[in-house]
Amino acid sequence: MHLIKIEQCLDFIENFETKNIGIAFLVTIGRSGSSLLMSLLDSHEEILMIPLIFYYYLDWEKIKQFKDHPEVLAKNFIFNTFSSFSEDRHSSSLGENRNETFSLKRDKILDELVKILLALKKITRKNFFLALHLSYAIVENIDLSKIKVIVQHHHFLIASFAYKYEKNRFTDNFSDDQPFFENLLSDFSNVKIICMIRNPIDNYYSTLKFLKSKNELFDISTFYFSFFGVLFNFNISIKQKEVMQGNFKFIKFESLHKNTIGVMKELASFLKISFSDILLRSTKDGKLWWGNNPNNIINGTNPNISLDKWKNCLDSQSKVICSVLMKDFAARFNYEIPLFSEKEIKIHKFIEKEFESYIYAHYNELNDSVSFSDNYLLLRSKLINYYKS
């Protein structure tokens, strides 16, 4: 047993900068392999990581109104359905025989968290984050003396626009008043960022497959969030890399699969943890994890993974649209995308702001006028024709 007294918790939080423990955030756009990377980090004894995807900086904005009431604050963060922390994801079909499950011990974490919050002189966004991870460590009997870095999988909220994903992100009156990186750096000035990226067209095609596998119909707003999210991720990440320099690391989805050992050795050095074979094993809460699809045959990375299915699955118009909008992303990271002549590129109405404004203004009308297609970009061409008419 690794008993942690309340005095130790307060010392850990109030004097965190002296503890020689790093902070790292894993950020990405959906379908870029971040859950796979999290699973490879899951069992390392030098990493303190709650095995969840949760959008801490968004959730804090929803609960900070209760910061003068510690019990209410903690309960809302852990259990309220508006908090991403309340949901377990990919938590079944674990273990060698795929018959094990995972469920975060939220009741016990809540008890420990309230004790720490009540003892703090002041509750801030930063010390709530540290108190939360300490509470998890207490419940899971984690030896803090071995911890060298706290990792949090914040996932897709890498750009400030995502804080308002329920609102229109493509109008002049949209303002970035809750910037993720600025908030994060104000809390942890030496934070490290791990950013997963993937061939943008392959990324988009994977999103289509994922939504279809869940039998979900996705509307115009969802399209913007998934497709343009790739572009926002690219633009914001490049700018932030310039700011953070050596504290910002890109990891390619393709390299993680094809060169797992090399990538994980580099990542271990980046996080200042020891490299071991445990970083090559995909787990969740220490149990073998088989990916988002529990029917996967391979645990962990797959060096033989196909990376160009989109070539035969996207129609030519879709490829043109992807190529035009994603060419800078592809060029920056040496990704292969189709090349087209100027004569072939006839999609001006798609990328003009006038068209984007029209789509938003006629949101409900357009959603009623078209039906779901396996290829959403084909559906977009129908909307373009509708617009022209």
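Quick note: structure is the one above.
Conventions used here
- Residues numbered from 1 in each chain as written.
- Predicted model: local features only at pLDDT ≥ 70, side-chain atom pairs only at ≥ 80, totals over all residues.
- Heavy atoms only, no water.
- Pairing = 2+ DSSP bridges.
- Helix = DSSP H or I, 4+ residues; strand = E, 2+ residues; numbered from the N terminus.
- Contact = heavy atoms within 4.5 Å.
- Axes fitted to C-alpha atoms, helices over the stretch in contact; angles between N-to-C directions.
- Buried < 20%, exposed > 50% of the residue type's maximum accessible area, 1.4 Å probe, protein only.
- Parallel < 35°, antiparallel > 145°, perpendicular 65-115°, else oblique.
- Nonpolar A, V, L, I, M, F, W, Y, C, P; charged D, E, K, R; others polar.
- 1 Å grid on protein atoms, 1.4 Å probe; cavity = no way out; pocket = protein on both sides within 12 Å on 5 of 7 lines; lining within 4 Å.
- Points joined across faces, edges and corners; volume = space filled by probe spheres on them.
- Salt bridge = Lys/Arg side-chain N within 4 Å of Asp/Glu carboxyl O.

K.L.:
For the sheet that holds strand S3 (residues 149-155), give the residues involved together with the corresponding values.
P.N.:
In a beta sheet, neighbouring strands pair by backbone hydrogen bonds and run either parallel or antiparallel. Here we have 5 strands laid out as an open sheet, ordered S2-S3-S1-S4-S5, and parallel in their pairing. Because the sheet does not close on itself, it has two edges, and the strands there are strand S2 (47-48) and strand S5 (248-252). With 2 bridges joining them, S2 and S3 adopt parallel strand pairing. By the bridge assignment for S3, Leu 48 is matched with Ile 150. Helix H11 (residues 260-271) rests against strand S1 (22-27), S3, strand S4 (192-197) and S5 of the sheet, and its axis sits at about 165° to S5.

K.L.:
Residue-level account of unusual backbone geometry, with values.
P.N.:
A positive phi angle is found at Ser 93, which is not glycine, with a value near 55°. By the element assignment, Ser 93 lies in the loop between helix H4 (70-79) and helix H5 (106-119). For Ser 93, a relative accessible area of 23% corresponds to the partly exposed category. Unlike most non-glycine residues, Arg 98 shows phi in positive territory, near 55°. Inspection of the secondary structure assignment puts Arg 98 in the loop between H4 and H5. With relative accessibility at 27%, the residue Arg 98 sits in the partly exposed group.

K.L.:
Break down the pairing of S5 for me, citing the residues and quoting the values.
P.N.:
Within S5, 4 of the 5 residues are buried, leaving the element largely enclosed by the surrounding structure. Here S4 runs beside S5; their pairing, made up of 5 bridges, is parallel. The residue of S5 that forms the bridge with Met 196 is Ile 251.

K.L.:
Which residues make up the packing of helix H2 (residues 34-41) against H11, and what values do they have?
P.N.:
The N-to-C vectors of H2 and H11 enclose an angle of 70°; their axes lie 12 Å apart at closest approach. Classified by the interaxial angle, the pair formed by H2 and H11 is roughly perpendicular. Note on element contacts: H11 touches H2 through Met 264, Leu 267 and Leu 271, opposite Leu 37, Leu 40 and Leu 41. Partitioned by chemical class, the residues of the contact of H2 with H11 number 6 nonpolar, no polar and no charged.

K.L.:
Please provide a residue-by-residue account of the pairing of S4, values included.
P.N.:
Each regular strand shows side chains that alternate between the opposite faces of the sheet. The element S4 is largely enclosed, with a buried count of 6 among its 6 residues. By the alternation rule, side chains of S4 split into Lys 192, Ile 194 and Met 196 and Ile 193, Cys 195 and Ile 197, which are all buried. As judged from the 4 bridges shared by S1 and S4, these two strands associate in the parallel manner. In the strand pairing of S4, Ala 24 is matched with Lys 192.

K.L.:
Explain the layout of surface pockets residue by residue, including any values.
P.N.:
Roughly 490 Å³ of internal volume is contained in the second largest pocket. Residue lining of the second largest pocket: 18 residues in total, with Asn 20, Ile 21, Gly 22, Ile 23 and Asn 190 positioned closest to the centre. In terms of residue count, the dominant contributor to the lining of the second largest pocket is S1 (3 residues). Counted by class, the lining of the second largest pocket contains 8 nonpolar, 4 polar and 6 charged residues.

K.L.:
Which residues make up the pattern of salt bridges, and what values go with them?
P.N.:
Enumeration over the complete set of coordinates arrives at 13 salt bridges. Note that Lys 19 is salt-bridged to Asp 11, the shortest N-O span being 2.4 Å. Residue classification places Lys 19 among the partly exposed residues on the basis of a relative accessible area of 29%. Here Asp 11 falls in the partly exposed class, since its relative accessible area comes to 32%. One salt bridge in this structure joins Glu 61 and Lys 64, with 2.9 Å as the shortest N-O distance.

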